[in-house]
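# Working through the structure, step by step
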Amino acid sequence: MIDRAQIASVLSDLVKIESINPELVARGSGEAAIARYVADFLRRAGLKARVQKLGRNRANVVGVLRGRGGGQTLMLNGHLDTVGVAGMENPFSARVEAGRLYGRGAQDMKGGIAAALLASSILAGETRLRGDLVVAAVADEEYKSIGTRALLDEIKTDAAIVMEPTGLEIATAHKGFAWATVETLGKAAHGSRPQDGVDAIAMMGRVLGGIESLQAKLEGAPAHPLLGSGSVHASIISGGQELSSYPSDCRLSVERRLLPGEDASTFERELGEIVSHLGREDRKFRARTTMGYSALALETARECPIAQTLLGCARKVVGRPAKFGAQSFWTDAALLNDSGIASVLFGPGGAGLHSPVEYVRLEDVALCAETLVECAKEFCEF
C-alpha cells in the first residue's frame, strides 16, 4: 500500500514549485526548479537520474531503474510544465480539502508525476525487475513538446504509460491538432472613399463563414468510434488601423482538431478549398494561408501488451472504474507512439484543467501509483 500521507507531501511539494511554461506566459519560470526536485527524489529512491538541459530554465529529468536483464522496458512519462495562473487565488498553496489537493498543475499533471515518483521509489526498494524502468519528467508538453522530442533522441523503451489525468481509465486514443493562419488582403483608403478601399476585415468574415461550414461538415461526417468528430474553430483575430480607414489586412489564427488518419495536410487542403471558393466568387477577394505547428492523434491497439497488462493491474487495484477509454486533449503519448513506443494514458482524476480552480483527488493519485507498481512488475517481469 502507498503511504497516503507521503502522496500528499510529495504532490504538495510539486504544486508549490511554480513551473509555468514561458512560451505560454511571459516570465514563466520553466521547468528547471521542479526538475531539480524530481531528480533529487529519484536519486534518493535509488534510481540513476540526470537533468537534461533544454535551454534557459527548460529541462527534462530522466531516471532509470536498471533491471537485471532479459525483461521488457517501460517508461513512465509525464510533463512538468503548466499553463498560467490568471484568475486563480493562491495557485501554489497546495491546499488540501475533502480529499482533494488544489493548485495549478495539481491535476495537469503533477498528480501523475507524484504517482510515478512514489511507484518508482517502491519498485527500487522492494523489487529487482528484469527489464529497465524509465521515469521521464519532461518539459514543454503544453506548447511544442521540446522535452519529449529531445528525450526520443536518446531513449527508447518497449512501452510507455503517460500519467495524464484520465480518472483512472486506460486511454488508448486522443485527438491531434493543427494550427494555421489565414490573412485576408484588402486595400487601405480613407473611410469616406469606399470606391478606393477594400475591407480586409469584411473579407475575413467570409472566411469565418467557411470555417463555420467546415465545422458543420465535420460534425456530419462518420464519427471515430472512440473520439467522435474532428473539429475546427477560430482562435484569434486581428486587423485594421483606425476607425476612419479601410483595413488593408486581417489575420485569423485557426485550430483544427484531428482524428487518427488525419494530419496537417488534411487541414491545409480544407483551408485551400475555402479560400479558392471565395476567390472564384469575388475577384477582389485575396487571401493567403500559412500552416503552423501540428501534432498527430493517438490510437494504440487495445490488444497490445501494455494496454492489456495495465488494464489487468488496474482492475486488481482500482476495481470497477478501471476500463478502456479515450481523451479529447492531446498528449506526448502520440509522439512516443509514433516513434515506435506503444503508449497509453493512465492517471488520477480531478477537475479544472487550465481553469481558475484545479484539483486532483488524492486517493486517485495513490491508486494510480499502486497500479503503476503492479504494472511494472508484470510488464518488466519481476
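Summarised in this report is the structure supplied together with it. (Residues numbered from 1 in each chain as written. Predicted model: local features only at pLDDT ≥ 70, side-chain atom pairs only at ≥ 80, totals over all residues. Heavy atoms only, no water.)

## Considering the sheet that holds strand β19 (residues 359–361)
- The strand order across the open sheet formed by 4 strands is β4-β5-β19-β18, and the pairing between neighbours is antiparallel. The two strands at the open ends of the sheet, each matched to only one other strand, are β4 (96–97) and β18 (350–351).
- Judged from the 3 bridges that link them, strand β5 (residues 100–102) and β19 form a sheet pairing that is antiparallel. Bridge pairing in β19 links Arg100 to Arg361.
- Those strands touched by helix α1 (residues 4–16) are β5 and β19, and its axis lies near 15° from that of β5.
- Packing of helix α3 (residues 106–126) onto the sheet brings it into contact with β5, β18 and β19, and relative to β19 it is tilted by some 40°. (Pairing = 2+ DSSP bridges. Helix = DSSP H or I, 4+ residues; strand = E, 2+ residues; numbered from the N terminus. Contact = heavy atoms within 4.5 Å. Axes fitted to C-alpha atoms, helices over the stretch in contact; angles between N-to-C directions.)

## Side note on unusual backbone geometry
- In this chain, Asp108 is followed by Met109 through a cis amide linkage whose omega measures -5°.
- With respect to the helices and strands, Met109 occurs in helix α3.
- Although it is not a glycine, Ala98 sits at a positive phi angle of roughly 55°.
- Considering the arrangement of structural elements, one finds Ala98 in the loop between β4 and β5.

## Here's the deal with the packing of aromatic side chains
- The final tally for this structure, using the stated rule, is 5 aromatic pairs.
- Between Phe177 and Tyr293, the aromatic rings sit 5.8 Å apart at their centres with planes inclined by 55°, giving tilted as the arrangement. Residue Phe177 is located in strand β9 (residues 176–185), and its partner Tyr293 is located in strand β14 (residues 287–295); the two are separated by 116 residues in the primary sequence. Per residue, the accessibility class of Phe177 equals that of Tyr293, and both read buried.
- A ring pair is formed by Phe177 and Trp330, whose centres lie 5.9 Å apart and whose planes are at 90°; its orientation type is edge-to-face. Here Phe177 is found in strand β9, whereas its partner Trp330 is found in the loop between β16 (324–327) and α8 (333–338), with 153 residues between them in sequence. By the burial criterion, Phe177 is buried, and Trp330 matches it. (Phe/Tyr/Trp six-rings, centres within 6.5 Å; stacked < 30°, edge-to-face > 60°. Buried < 20%, exposed > 50% of the residue type's maximum accessible area, 1.4 Å probe, protein only.)

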